[in-house]
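A closer look at the structure
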Amino acid sequence: MVAVIDYNAGNIRSVLYALERIGVEHELTSDPDRIRAADKVIFPGVGHAASTMKHLNETGLADLIRSLTQPVFGVCVGMQLLCSHSEEGDVECLGIFPERVRQFRPTNGDKVPHMGWNEVKLAAANDWVSGEVDGGYCYYVHSYYVEAGPDTVATTTYCGREFAAMLRKDNFYAAQFHPEKSAKVGERIIRDFLAV
């Protein structure tokens, strides 16, 4: 069973629909016991880093997420909150990944937020995503990005800089883009996560 963490974030329904499409048993829950008992956990969402971290800390979900030992997949803001710090509200995050979250500074007429399809390039450190994902296009909606670092398993480029498209450390996996909205490439990534 896959637990999708319910923390009042936006865009969670699209993740649930994606899991339904591929026939995976899942539930949306904020119950710590249900989350701990799940085979896999997805931490998705769209929201503001500082206000979301405040909610996670107040509800105990922050400590719960840090303590999980099964595979956990952070998506979009979920990925950013797994990092050490975000410039969005100048907030300390969950600290799973040492990478920091920075705000885009537009160059050459690039628009922020970054919205649209961008190529994903797998890095040498990739050890969980199918090779067919390399060079595929995924759908992004974000104004902040995660610096590429030792946990980066895929990158993309926008605003004149390469940044982390996907991360992995121990049992934590993450994507900056929305795999649930990224057609066949996104479905492949979700299936790869479910297979770990």
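Further up the page is the structure itself.
In what follows, the accompanying structure is described. (Residues numbered from 1 in each chain as written. Predicted model: local features only at pLDDT ≥ 70, side-chain atom pairs only at ≥ 80, totals over all residues. Heavy atoms only, no water.)

Details of the sheet that holds strand β13 (residues 161–169)
Definition in use: Strands qualify as paired when DSSP identifies two bridges or more between them. Every helix listed is a DSSP run of H or I at least four residues long, and every strand listed is a run of E at least two residues long, numbered separately from the N terminus. Two residues form a contact once any of their heavy atoms are found within 4.5 Å. Helix axes use the C-alpha atoms of the stretch in contact, all axes being lines fitted to C-alpha atoms, and the angles between their N-to-C directions lie in the range 0 to 180 degrees.
Taken in spatial order, the eight strands line up as β2-β1-β3-β4-β14-β13-β12-β9 in an open sheet, and their pairing is mixed. Both edges of this open sheet fall to β2 (26–29) and β9 (121–122), since each of them pairs with a single strand only. Note: strand β1 (residues 2–5) against β2, four bridges, orientation parallel. Within the sheet, the bridge partner assigned to V4 lies in β2 and is L28. Most of the contacts of helix α1 (residues 12–21) go to β2, to which it runs at about 165 degrees, and overall it touches β1, β2 and β3 (40–43). Against the sheet, helix α6 (residues 183–195) touches β1, β3, β4 (72–75), β13 and β14 (172–175), its axis set at about 140 degrees to β3.

Focus: the side chain of E180
Our working definition: Relative accessibility decides the category of a residue: with a 1.4 Å probe and only protein chains considered, values under 20% of the type maximum give buried, values over 50% give exposed, and everything between is partly exposed. Counting rule applied: Lys, Arg positive; Asp, Glu negative; His and chain ends not counted. Counted as salt bridges are all cases of a side-chain nitrogen of Lys or Arg within 4 Å of a carboxyl oxygen of Asp or Glu. As used in this structure description, the phrase polar contact means that two N or O atoms lie within 3.5 Å; if the pair is within protein, one of them must be able to donate a hydrogen and the other to accept it, and residues adjacent in sequence are counted only when both atoms belong to side chains.
When you line up the elements, E180 lands in the loop between β14 and α6. Within the buried core, E180 has no salt-bridge partner, and the shortest N-O distance to an opposite charge, that of K181, equals 5.3 Å. Within the local environment of E180, its side chain forms a polar contact with the side chain of S14, the two groups lying 3.1 Å apart. Here the side chain of E180 touches H178 through a polar contact of 2.9 Å, side chain to side chain. Contact partners of E180, with chain neighbours within four places excluded, come to N11, S14, V15, A18, R21, V75 and I190.

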